[in-house]
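# Structural characterization, general
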Amino acid sequence: MIFERWLVPDRMFAHYYEITPEMVRLAGRSVLLCDIDNTLATYEDPQPPKQLAEWIEKMRTAGISIAFVSNNNWERVELFNASLGCVAFAKAGKPRTKYLQAACDQLGVGREQAILLGDQLLTDCAAGKRFGIPAWIVPPIRDKKTLFFRCKRLLEKPYVHKYWQMQKIKERGRK
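The sections below set out a description of the structure shown in this document. (Residues numbered from 1 in each chain as written. Predicted model: local features only at pLDDT ≥ 70, side-chain atom pairs only at ≥ 80, totals over all residues. Heavy atoms only, no water.)

Here the focus is the sheet that holds strand β1 (residues 11-12). One open sheet holds the six strands; their spatial order is β1-β6-β5-β2-β3-β4, and the pairing between them is parallel. Each edge of the open sheet is held by one strand with a lone partner, namely β1 and β4 (87-89). Two elements, strand β2 (residues 31-34) and strand β5 (residues 114-118), share four bridges in a ladder whose sense is parallel. Bridge assignment links Val 31 to a residue of β5, and that residue is Ala 114. Against the sheet, helix α4 (residues 74-81) engages β3 (65-69) and β4, with an angle of about 160 degrees to β4. (Pairing = 2+ DSSP bridges. Helix = DSSP H or I, 4+ residues; strand = E, 2+ residues; numbered from the N terminus. Contact = heavy atoms within 4.5 Å. Axes fitted to C-alpha atoms, helices over the stretch in contact; angles between N-to-C directions.)

This paragraph deals with the side chain of Ser 70. Turning to its location among the elements, Ser 70 is positioned in the loop between β3 and α4. In this view, Ser 70 contacts Asp 35, Ile 36, Asp 37, Val 77, Phe 89, Ala 90, Lys 91, Ala 92 and Lys 94; residues no more than four positions away in its chain are not counted.

This next bit is on unusual backbone geometry. Residue Pro 95 is bonded to the preceding Lys 94 through a cis peptide linkage, with omega at 25 degrees. Tracing the chain through its elements places Pro 95 in the loop between β4 and α5 (98-107). In this model, Asn 38 sits at a positive phi of 70 degrees, which is unusual for a non-glycine residue.

The description of two helices packed together rests on the angle between their axes and the distance between the axes. Running from amino to carboxyl end, helix α6 (residues 121-131) crosses helix α7 (residues 147-174) at an angle of 45 degrees, the nearest separation of the two axes being 10 Å. For the element pair α6 / α7, the angle class is oblique. For the pair formed by α6 and α7, the contact residues are Leu 121, Leu 122 and Thr 123 on the first element and Lys 152, Leu 155, Glu 156, Tyr 159 and Val 160 on the second. Looking at the contact of α6 with α7 residue by residue, the class counts come to five nonpolar, one polar and two charged. (Parallel < 35°, antiparallel > 145°, perpendicular 65-115°, else oblique. Nonpolar A, V, L, I, M, F, W, Y, C, P; charged D, E, K, R; others polar.)

Pasting the structure below:
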C-alpha cells in the first residue's frame, strides 16, 4: 500500500498510561507531543482527568516534557491545559507539521528528541511520520459515531492490520 510510510504507527498501546518514562527514554527521546481529544481525554472532558494529571506529573518528574498539539480550537486547548501548564498549540491542522516544530522550538529540543502520541492515523500518525519522528498510537477513548469518523476509522484499518502483522514478524525474529 502506497501510504504505509505515513500511516503505519511505530508503536501502539491500549491506553496512554501504559507509556512509561522508561519507554520514552529507551526510544532515545525526552519529549511527547500529544494530541488531546480521544488520546488523553474524551471530547467531553473540559479539564484533564485526575489519572492524566498524575501521568503527566510522573513524566515530568522523570524528565520527560509534554506538549499538546491539537486540531481542536484554542478555547478547548487553553481550558484543558490551564491546570497543567504544558506547551500547547490549537488548530494545528495535523497532518501539517508546523506546530510540531513550534512545540519542539518552545521546549528547546530538536525533533530527534520527540515522539508524537495520538489516536488517529490520518492526522496524528501522518503528522509524526511527515515530521520525521516516531508515531505512537492509542485507540480512541470514546470515538465519535458520525459518518465522517466511521469512514476515517475504516480507512485506518488496513494500516493497523499492517502494524500488527509487522509485530508478529518481529516476535518470530526474536524467538
